[in-house]
Amino acid sequence: MKISDVIADMILDMFDDETPTVQIQRNDLAAKLGCVPSQINYVITSRFTPEQGYRIESRRGGGGCIMITRASKDDSIVSLINSIGNSIEEKTAKSYVYNLNYQGLVSDKAGQMMMAVISDNNFKGLPNEIKDTIRANQFKQMLLAYID
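Now for a look at the structure at hand. (Residues numbered from 1 in each chain as written. Predicted model: local features only at pLDDT ≥ 70, side-chain atom pairs only at ≥ 80, totals over all residues. Heavy atoms only, no water.)

A word on helix H6 (residues 108-118)
- Residues of H6 that are buried: Ala110, Gly111, Met114 and Ile118. Projected down its long axis, H6 shows its buried positions confined to an angular sector of 100°, all on one face. Of the exposed residues in H6, the ones pointing more than 90 degrees away from its buried face are Asp108, Lys109, Gln112 and Met113.
- Looking at the packing, one finds that the buried side of H6 touches helix H5 (90-102) and helix H7 (128-146). (Buried < 20%, exposed > 50% of the residue type's maximum accessible area, 1.4 Å probe, protein only. Helix = DSSP H or I, 4+ residues; strand = E, 2+ residues; numbered from the N terminus. Arc of directions from axis to C-beta. Contact = heavy atoms within 4.5 Å.)

Topic: the layout of surface pockets
- Put simply, the largest pocket is a space of about 290 Å³.
- Around the largest pocket, the lining comprises 15 residues; the ones closest to its centre are Arg26, Ser58, Gly64, Cys65 and Ile66.
- At the level of elements, helix H2 (26-33), helix H3 (37-47), strand E2 (54-59) and strand E3 (65-70) are the ones that each hand at least two residues to the lining of the largest pocket.
- A per-class count over the lining of the largest pocket returns four nonpolar, seven polar and four charged.
- Its volume calculated, the second largest pocket comes out at about 210 Å³.
- The residue inventory of the lining of the second largest pocket, partitioned by class, reads six nonpolar, four polar and two charged. (1 Å grid on protein atoms, 1.4 Å probe; cavity = no way out; pocket = protein on both sides within 12 Å on 5 of 7 lines; lining within 4 Å. Points joined across faces, edges and corners; volume = space filled by probe spheres on them. Nonpolar A, V, L, I, M, F, W, Y, C, P; charged D, E, K, R; others polar.)

Focus: the sheet that holds strand E1 (residues 21-24)
- The strand order E1-E3-E2 describes an open sheet built from three strands, whose pairing is antiparallel. Pairing within the sheet leaves two strands with one partner each, and these edge strands are E1 and E2. On average, each strand axis in the sheet is inclined to that of its neighbour by 20°, with strand direction left out of account.
- Bridge count for E2 against E3 is six bridges, and the pairing is antiparallel. Bridge pairing links glutamate 57 to methionine 67 in E3. (Pairing = 2+ DSSP bridges. Axes fitted to C-alpha atoms, helices over the stretch in contact; angles between N-to-C directions.)

As structure tokens, then:
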């Protein structure tokens, strides 16, 4: 398992149903995992983004910390819908579905169905820009249907 995965899993394990915000001491976490603090930064900026349902706040001075707040399921999905735009490539859409499932925002079955719908196999013979526009519309509709 890559160090990035270990860091992400450790941060995710800090969350529970009653704790929507975790506080991380970057240097302490890096020392515990035997990595450099910049690896912690990389994981936070790449895996805990607003599109993935997180808000990051950095507090400096006096042994500063990083606060990671997890949005509600519905807020995360709405944020993702708003970030998609008018078109989306298959690879990007699939990474969003993977992240939604990884975070427990969509079930395994729903994730599999979303992957099937956004697959390039459904758009054979269409120009790329049309594929990506249709895929974005379908993906947004699936996400809207998943909101409680």
